[in-house]
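# Structure assessment
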Amino acid sequence: MEELRRGYARLCAAPQEAVLRRLRGSGEAPGRARLDLAEQSLSLETCGALGRLLPAAAHLAEVALGDCGLSEDGVKLLLHGLCANTTVTTLDLKGNNLRATGAEALGKLLRQNKSIRSLILEWNSLGVWEEGFSFFCQGLGANNFLQRLDLRNNQINHHGAGELAVALKRNASLQELDLRWNNIGLLGGRALLNCLQSNKTLKKLELAGNNVPSDILKAVEQAMDHNRDRQTILSETQNRTSVLSKEILNLKDEKAKQFLDLMDTIDKQREEIARSGRVSAGRVSQLQEALNEQHSIMNSLKAKLQMTEAALALSEQKVHNLGELLSAAKQEQANMAERHFAELQQQKQEGADREDKLFRDLSASNEKNLFLRNQVDELEKKCKVQQDQLFQLKQDLTNTTAELKLRAVQAEERLEMEKRRFKQSLEDVESLRLKEVDHLTQHMETSERSMQDRVQRLEAIRIALEEELSQVKAAALTERGHAEEELIKVRTQARLDEQQRLEHLEEKLRLMTEARDEAQNCCLKQKQMVSEAQVKANQLSLHADGLRRRIEELQQDLNGKEQEKVTEVNKVKVELQEQIGHLQAERTAQEGLREKIAALERQLKGDGSFRAFQVGFLSSFCRDRDRNKLSKASLQAKCLDFLYVLSSNHREALLDKEGEISVLMEKLRMKEADISRMREEEAQRASILQNAIMAYVQGSSLRK
């Protein structure tokens, strides 16, 4: 920690004294040190320095940054430093009002860090921004090392619960998840319940204070029980397998040791045999040298040789016996291995039977849950009609509780006055106490009667509604009825005890002071809720301003696109008009040609003199031409055929031009129809986009 303090002092131009004191005060052993900066207002420079020092802080095991008022940039710098850390196992970031940027930084941390096992994010605002919380859930799904996650009071709605459910389907390490005091609701509870069918590692899931129906809570508890049972069974099987493997290893070690001992003894015997063989060989050589001299010694040596051979036979027999023992040991080891394998198979079969039984129970519970869900949906439809009445009744109940609190405050003031008077004079206090007690008892009895009447009416209505919802709520109402009966008994006992001595009055005074403290705590909580509501209203106003700006930008884009479309349409119209002008000019020219051709045809058909003139002209023309070797009749026929072909060609060209004009007119009509259709589609898209944006704004304001 001293190195961390020196590094912080070196990196910061103006280090914070409170941070230096905390760094100087924490001095645990390496690997178990705790960086405790809770309730310290950390500047951006301090966050940057700590973010640069945390990757190399190998002695830290826990980092506490709760209630530090961290900014978005500060949180990003700190979490970026923790991404490369490999020793920190616990991270506490409660009460820092983390938002979208903080959620994204936490998602990146969960993706990259592999050492953090416990993450505390209580009292933040991670669920307000859906995109940031979605990024955080993606990081949680990719993490396989985190075991405990605390997300209490993070304003998580049913969309956030759906993202968490998707992440839990992928996560295989998280064991404890705390989601108390959020806004998960029915849909979020169902999503979490559905994800538990694929997640088998989560052992503890807290959903109190989320408006989740009791049947879903019971189903979640059953799923948690199944997961815990499964984990215990897995741990037991793992322990058994580890014990069996250890026993097998021990047996193997013992057999190996025995085998080595046998091999050592065999080697020793072989050495002894070799040594004895060498000695006998030496003796034989000596006997062979002195054979001629000492025949009697030769006989004795032969006897000794026979004895050594007998010893050798005995040793060989012993070796054979040891080999048989070794084979028997191996056989026994194989039998033990087979027996252990059979036991393991039997345990696996038992585990499979248990899993099948659990799966059957789970399927039955799922069918029951589906049936109950259908009933709950039907009852929810009925309850929507009666929610307004319940809301009105709740308002009446809150008004009556406020009146009771005011009366309790007045009673406390009166009791304080009585206490001061009692200090002045015991006799005066006794008389005043009796009067005040009578007055209080009368007043409390009247108020209790009125409240009991109203509470009974409210209880009757609520019992009628909750009996239609489920049997669980009916059980809860019966428990509440028992509690109210006990409360009535306590009140009657209190009225009887009011006639006792001054000690009981002082005890009651103490109880009233405790109630006053509780009322003050409730007032503080309400103030805090008001401040949170103001913060939410400010956030909603900012969000609405952003949406209005977005709508204006989209409107500007639509106007720009409309202008571009108008310009394109005008260009197309101009081009079509030019083409139409050219075609009309060609058409007028063709009409003139057609008229000329018609006139020529009329002249050819009706005017014989003109035809004769033409024939004469052609004959004279043919005579004048020296190169023409044809006859007059053939030349005239050919000229007439030429004129007829020319007129027919003009007609065909005219018909082709008319067909082209009709095709171009059809294309023009199709273009105009496409332009009108595009205008209508753009108008529909603009209206749909505007309606969607308005619906989103209204839906977000209603959800908030």
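Each chain has its residues counted from 1, following the order in which its sequence is written. Where local features are concerned, this predicted model is filtered to residues with pLDDT of at least 70; where side-chain atom pairs are given and counted, the filter is 80 or more; whole-chain, interface and lining totals use all residues. To obtain the side-chain values, all non-hydrogen atoms of the structure were included, while hydrogens and water were left out.

### Side note on the overall build of the protein chain
Here a strand is any run of E in DSSP of at least two residues, a helix any run of H or I of at least four, and the numbering for each starts at the N terminus. Secondary structure assignment for the protein chain yields 15 helices and seven strands. Burial classification: accessible surface area is computed with a 1.4 Å probe over protein chains only, and a residue below 20% of its type maximum counts as buried, one above 50% as exposed, and the rest as partly exposed. Counting every position in the protein chain, which comprises 704 residues, the buried fraction comes to 28%. For the protein chain, the accessible area works out to roughly 46100 Å², and carbon and sulfur atoms hold 54% of it. Residue-level accessible areas treat just the shown protein chains as cover; the underlying method is Shrake-Rupley with a 1.4 Å probe.

### A closer look at the packing of helix H8 (residues 185-195) against helix H9 (residues 214-289)
In the contact formed by H8 and H9, the axes pass within 10 Å of each other and the chain directions differ by 20°. With respect to H9, the element H8 is oriented roughly parallel. Read as a crossing pair, H8 and H9 show a hand that is left-handed. Side by side, H8 and H9 meet where Leu186, Gly189, Arg190 and Leu193 of the first sit next to Ile216, Ala219 and Val220 of the second. Classification used: nonpolar for Ala, Val, Leu, Ile, Met, Phe, Trp, Tyr, Cys and Pro, charged for Asp, Glu, Lys and Arg, polar for all others including Gly. Tallied by class, the residues present in the contact of H8 with H9 amount to five nonpolar, one polar and one charged. Between the N-to-C directions of two axes lies an angle of 0 to 180 degrees, each axis being a line fitted to C-alpha atoms and, for a helix, fitted only over the stretch in contact. An angle below 35 degrees is read as roughly parallel, one above 145 as roughly antiparallel, one from 65 to 115 as roughly perpendicular, and any other as oblique. In this scheme the crossing of two helices becomes right-handed for a clockwise turn of the near helix relative to the far one and left-handed for an anticlockwise turn of less than a right angle. Whether two residues are in contact is decided by their heavy atoms, any of which lying within 4.5 Å being enough.

### Topic: the environment of Trp181
Here Trp181 is to be found in the loop between strand E6 (176-178) and H8. Trp181 sits 28 residues away from Asn153 along the chain, and the two C-alpha atoms are 5.1 Å apart.

### Considerations on the nonpolar core
What we call a nonpolar core is a set of buried Ala, Val, Leu, Ile, Met, Phe, Trp, Tyr and Cys residues that are connected through their side-chain atoms within 4.5 Å. With 71 residues, the main nonpolar core has Leu121, Phe136, Leu149, Leu151 and Leu179 as its most contacted residues. Not counting residues within four places of it along the chain, the set of residues in contact with Leu149 comprises Leu119, Leu121, Phe136, Leu140, Leu174, Glu176, Leu177 and Asp178.

### Structural notes on helix H4 (residues 72-83)
Because the α-helix completes a turn every 3.6 residues, residues three or four places apart line up on one side. To estimate how far a helix should extend, the number of its residues minus one is multiplied by 1.5 Å. The first and last C-alpha atoms of H4 sit 17 Å apart over twelve residues, in line with the 16 Å expected at 1.5 Å per residue. Considering only its buried residues, H4 is in contact with helix H3 (44-53), strand E3 (90-92) and helix H5 (100-112).

### Here we look at the pairing of strand E2 (residues 60-64)
Counted residue by residue, E2 has four buried out of five residues, so it is predominantly covered. Sheet topology places strand E1 (residues 33-36) next to E2; four bridges connect them, and they run parallel. Within E2, the residue paired with Asp36 across the bridge is Ala64. Note that the unit made of E1, H3 and E2 has a crossover that is right-handed. Strands pair, by our definition, only if DSSP identifies at least two bridges between them. Strand direction decides the pairing type here: E2 and E3, joined by three bridges, are parallel. Crossover handedness is defined by viewing with both strands directed away from the observer: a clockwise path from the first strand over the helix to the second marks the crossover as right-handed.

### Considerations on a nonpolar patch on the surface
Where nonpolar side chains cluster on the molecular surface, the patch consists of Phe259, Leu260 and Met263 and spans about 250 Å² of accessible area. Position of Phe259 among the secondary structure elements: in helix H9. Under the relative-accessibility criterion, Phe259 is labelled partly exposed at 32%. Two distance rules govern patches: like charges are joined within 9 Å, and nonpolar side chains (Val, Leu, Ile, Met, Phe, Trp, Tyr) within 5 Å, applied only to residues with over 30% relative accessible area and no salt bridge. The term salt bridge refers to a side-chain nitrogen of Lys or Arg lying within 4 Å of a carboxyl oxygen of Asp or Glu.

### Examining H3
Extensive coverage of H3 is indicated by the burial of seven of its ten residues. Buried within H3 are the following residues: Thr46, Cys47, Gly48, Ala49, Leu50, Gly51 and Leu53.

### Considerations on the confidence of the model for the protein chain
When pLDDT is averaged along the protein chain, the result is 79; 86% of the residues meet or exceed 70. Each residue carries a pLDDT score, the predictor's confidence in it, ranging from 0 to 100. In this model residues 607-615 is a low-confidence stretch, pLDDT under 50, and it forms six contacts with partners more than four residues away in sequence or in other chains. In the predicted structure, residues 625-630 sits below a pLDDT of 50 and forms three contacts with residues beyond four places in sequence or in another chain.

### Observations regarding unusual backbone geometry
A positive phi angle, near 60°, is found at Glu39, a position not held by glycine. If you trace the backbone, Glu39 turns up in the loop between E1 and H3. Of note, the phi angle at Asn97 is positive, near 55°, even though the residue is not glycine.

### Some thoughts on a negative patch on the surface
There is a patch of like negative charges on the surface, built from Asp261, Asp264, Asp267, Glu271 and Glu272. Within the secondary structure, Asp261 sits in helix H9. Counted charges follow a simple rule, with Lys and Arg positive, Asp and Glu negative, and His plus the chain ends left uncounted. In this description, the location of a charge corresponds to atom NZ of lysine, CZ of arginine, CG of aspartate or CD of glutamate.

### As for the packing of helix H7 (residues 158-170) against H8
Between H7 and H8, the least distance of the axes is 8 Å, while the angle of their chain directions is 5°. Overall, the two elements H7 and H8 adopt an arrangement that is roughly parallel. On the side of H7, the interface is formed by His158, Ala161, Gly162, Leu164, Ala165, Leu168 and Lys169, while H8 contributes Leu187, Gly188, Ala191, Leu192 and Cys195. When its residues are assigned to classes, the contact of H7 with H8 shows eight nonpolar, three polar and one charged.

### Some thoughts on the packing of aromatic side chains
Here a Phe, Tyr or Trp ring, Trp counted by its six-membered ring, pairs with any other such ring whose centre lies within 6.5 Å, and the pair is stacked when the planes are under 30 degrees apart, edge-to-face when over 60, and tilted otherwise. All chains considered together, the criterion is met by one aromatic pair. For a Lys NZ or an Arg CZ to count as sitting over a ring, it must be within 6 Å of the ring centre and within 35 degrees of the ring normal. The side chain of Arg111 reaches across the aromatic face of Phe135, ending 5.8 Å from its centre.

### With respect to the side chain of Ser115
Its place among the elements puts Ser115 in the loop between H5 and strand E4 (118-120). Residues within four places of Ser115 in sequence aside, it is in contact with Asn85, Thr86, Thr87, Val88 and Thr89.

### Considering the pattern of salt bridges
A full pass over the atoms with the stated rule returns 16 salt bridges. Among the ionic pairs, Asp178 bridges to Arg180, the shortest N-O distance being 2.8 Å. Look at Asp178 and you get buried, because its relative accessible area is 11%. We classify Arg180 as partly exposed; its relative accessible area is 24%.

### Digging into the sheet that holds strand E5 (residues 148-150)
Pairing is parallel in the open sheet, where seven strands are placed in the order E1-E2-E3-E4-E5-E6-E7. Only two strands of the sheet have a single partner each, and these edge strands are E1 and strand E7 (204-206). Neighbour to neighbour, the strand axes of the sheet diverge by 5° on average, direction disregarded. Bridge count between E6 and E7: three bridges; the pairing is parallel. Along E7, the bridge assignment pairs Glu176 with Lys204.

### A look at the environment of Leu322
By secondary structure assignment, the location of Leu322 is in helix H10 (residues 295-424). Setting aside anything within four residues of it in sequence, one finds Leu322 in contact with Leu262, Thr265, Ile266 and Gln269.

### As for the side chain of Asn154
Counting through the fold element by element, Asn154 comes out in the loop between E5 and H7. Here a polar contact means two N or O atoms within 3.5 Å. Within protein one must be a hydrogen donor candidate and the other an acceptor candidate, and residues neighboring in sequence count only if both atoms are side-chain atoms. Within the structure, the side chain of Asn154 is placed 2.7 Å from the backbone oxygen of Leu121, a separation counted as a polar contact. At 3.4 Å, the side chain of Asn154 forms a polar contact with the backbone oxygen of Leu151. Those residues within four positions of Asn154 in sequence are excluded, and the remaining contacts are Leu121, Glu122, Trp123, Asn124, Ser125, Leu126, Gly127, Val128, Trp181 and Asn182.

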